[in-house]
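Read off the chains here:
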Amino acid sequence: CADHSPPPLTPRAVLGAGAMGSGFAAVVAPRAFSFPRDHAAHPDFRTEWWYATGHLVGGGREFGYQLSLFRFGLEPGAPPAGRGWSAGHLYLGHFALTDLAERRFHAAERFSRGSAGLAGVRGDPWPEVWVEDFSMSFGDEGLRVRAADGGYALDLSLRAVRPPVLNGEAGLSRKGQAPGQASYYYSMPQLKADGSVRVPGGGEIAVSGDGWLDREWSSEGLAPEQAGWDWFAIRFDDQATLMLYRLRDRRGESHAYSGGTYVAPEGAVRALEAGEVEYRVRRHWTSPATGARYPLAWRIGIPALDLEVEVDPLLDAQELDLSFRYWEGAARVRGTLAGRAREGRAYVELTGYDSD
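Residues numbered from 1 in each chain as written. Predicted model: local features only at pLDDT ≥ 70, side-chain atom pairs only at ≥ 80, totals over all residues. Heavy atoms only, no water.

When its secondary structure is counted, the protein chain shows one helix and 23 strands. Relative to its length of 356 residues, the protein chain is compact, with a C-alpha radius of gyration of 19 Å against a globular reference of 21 Å. Its C-alpha atoms put the protein chain at 60 × 50 × 45 Å along the principal axes. By residue count, 56% of the 356 residues in the protein chain fall in the buried class. Here the contacts in the protein chain between residues at least 6 apart in sequence split such that 59% fall between residues at least 24 apart. Across the protein chain, the mean location of the 38 positive side-chain charges is 1 Å away from that of the 46 negative side-chain charges. (Helix = DSSP H or I, 4+ residues; strand = E, 2+ residues; numbered from the N terminus. Rg over C-alpha atoms; globule rule 2.2 N^0.38 Å. Buried < 20%, exposed > 50% of the residue type's maximum accessible area, 1.4 Å probe, protein only. Contact = heavy atoms within 4.5 Å. Lys, Arg positive; Asp, Glu negative; His and termini not counted. Charge placed at Lys NZ, Arg CZ, Asp CG, Glu CD.)

Here it is as structure tokens:
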């Protein structure tokens, strides 16, 4: 069979490379979501990911974690787990664990074709997504995430507290004005975590905490004027949650198709448009390993919600220098919401700051 090399992985490649005329489906209108079906693969679309992040405590220590699984379609509609060596998809997995007690960050990658049992999506109605020894398995109570690399390991059960939240326009998240420049996007921002982590020198540690699942699929890339994005997944101490994505133009300014979703403590969902969110960078950090310069400390204001918060990393050095380079890590949040002091935890992703 043909040997497929990994695609050039940049923020533009991760979002897709253009559906129009490619044979892949385009995201052009809202759709009806169905669960658990939509936890599984959507092979008619070029690009898809399953993204779990969160915070854990156990043994007197605190951890942040990330497990991200990506599917890149090679042939429209190909089975998500091929037979033999025939592959219609490539799969990529990123696993990261932040050990705050030891001030250590570990990140690892798996890359495999969707064939010969190496990677894929299987199971009906509850799917399992795997890339070698990285996996997410969905069930009627939530999902299980597992990954291990180089003395670090993660094994968590994430129990769903609330149903999925549809972002954007009933799950259609527009990223640009051209036809198809959009994704189907839902989140599960309220997950309760229990399980274990393993770190070098610390053995296996029982942990509990929280989780956040983001799911997107699309076929189109970033608009030509877009250079990357900043993503914030914030969970407040009163159970409110806030997801924001700030698409950036090549001058570093917020793009008009940025947005977000606020979920109130009682569960009411409010979509946010780009003009409603104010961002100010308070501090940058330059990676000594790669030279990339990231905006790590932020002030975010949303006047319509009477919200103003500061977001700060729990550790500066949470850069993933893998097939593509980006910063993603655990953060704290402090400020005011609806006139009252609020605190919380966040995960932040910063892409397109590569100095190369």
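Moving on from the model shown.
With that out of the way, let us pick up the confidence of the model for the protein chain. Per-residue pLDDT for the protein chain has a mean of 92; in total, 94% of the residues score no lower than 70. This stretch, residues 1–8, has a pLDDT under 50; its non-local contacts, to residues over four places away or in other chains, come to 15 contacts. (pLDDT = per-residue confidence, 0-100.)

Another aspect to go through is empty space enclosed by the protein. This model, assessed by the stated rule, comprises four cavities of 30 Å³ or more. Roughly 50 Å³ of volume is contained in the second largest cavity. Around the second largest cavity, the lining residues are Thr53, Gly54, His55, Asp210, Trp212, Ala233, Arg235, Arg345, Ala346 and Tyr347. Elements with a contribution of two residues or more to the lining of the second largest cavity: β1 (47–58), β13 (203–218), β14 (226–236) and β23 (340–351). When grouped by side-chain class, the residues that make up the lining of the second largest cavity number four nonpolar, three polar and three charged. (1 Å grid on protein atoms, 1.4 Å probe; cavity = no way out; pocket = protein on both sides within 12 Å on 5 of 7 lines; lining within 4 Å. Points joined across faces, edges and corners; volume = space filled by probe spheres on them. Nonpolar A, V, L, I, M, F, W, Y, C, P; charged D, E, K, R; others polar.)

Tracing the backbone shows Asp316 in the loop between β20 (307–313) and β21 (319–321). Taking the C-alpha atoms as reference points, Asp316 and Ala330, separated by 14 residues in sequence, lie 9.3 Å from one another. With residues up to four places along the chain from it excluded, the contact list for Asp316 reads Arg283, Trp285, Leu296 and Trp327.

This brings us to the side chain of Glu216. By secondary structure assignment, the location of Glu216 is in strand β13. Given the relative accessible area of 8%, Glu216 is considered buried. Separated by 3.2 Å, the side chains of Glu216 and Lys175 make a polar contact. Excluding residues within four positions of it along the chain, Glu216 makes contact with Thr47, Glu48, Trp49, Lys175, Ser183, Tyr184 and Tyr185. (Polar contact = N/O pair within 3.5 Å; in protein donor to acceptor, adjacent residues only side chain to side chain.)

What follows deals with the packing of aromatic side chains. Tallied over the entire structure, the rule returns 20 aromatic pairs. On the numbers, 4.9 Å between centres and 20 degrees between planes, the contact of Phe324 with Tyr326 is stacked. With respect to class, Phe324 is no different from Tyr326; both count as buried. Aromatic rings pair up to connect Trp49, Tyr51, Phe70, Phe72, Trp231, Phe324 and Tyr326 into one cluster. (Phe/Tyr/Trp six-rings, centres within 6.5 Å; stacked < 30°, edge-to-face > 60°.)

Counting residues in hydrophobic clusters, the biggest one holds 43 residues, and the most contacted among them are Leu56, Met136 and Val145. The element contributing the most residues to this core is strand β12 (residues 182–199), with eight residues. Filtering out sequence-adjacent residues up to four positions away, Leu56 remains in contact with Arg61, Glu62, Phe63, Tyr65, Leu154, Leu156, Ala193, Val197, Val207, Ser208 and Gly209. Within the second largest apolar cluster, 30 residues are counted, among which are Leu244, Trp298, Ile302 and Leu305. (Core = buried A, V, L, I, M, F, W, Y, C linked by side-chain atoms within 4.5 Å.)

The next point concerns the pattern of salt bridges. Two side chains carrying opposite charge are able to pair once their charged atoms lie near each other. The final tally for this structure, using the stated rule, is 26 salt bridges. Across the pair Glu48 and Arg215 runs a salt bridge whose closest N-O atoms are separated by 2.8 Å. Taken together, the positions of Glu48 in strand β1 and Arg215 in strand β13 put the pair 167 residues apart, joining distant regions of the chain. Note that Lys175 is salt-bridged to Glu216, the shortest N-O span being 3.2 Å. Here Lys175 is found in the loop between β11 (172–174) and β12, whereas its partner Glu216 is found in strand β13, with 41 residues between them in sequence. Among the residues examined, Lys175 registers a relative accessible area of 7% and is labelled buried. Through salt bridges with shared partners, one network takes in Arg282, Arg299, Glu308, Glu310 and Asp312. (Salt bridge = Lys/Arg side-chain N within 4 Å of Asp/Glu carboxyl O.)

Residue Pro36 follows Phe35 across a cis peptide bond; omega there is 15 degrees. Structurally, Pro36 can be placed in the loop between α1 (11–15) and β1. Cis peptide bonds are those with omega within 30 degrees of zero, and the linkage from Asp124 to Pro125 qualifies with 10 degrees. Tracing the chain through its elements places Pro125 in the loop between β5 (119–122) and β6 (128–131). The backbone of Ala116 sits at a positive phi, close to 55 degrees, despite the residue not being glycine. Positionally, Ala116 belongs in the loop between β4 (104–113) and β5. Given the relative accessible area of 39%, Ala116 is considered partly exposed. Phi at Ala338 takes a positive value of approximately 55 degrees, unusual for a residue other than glycine.

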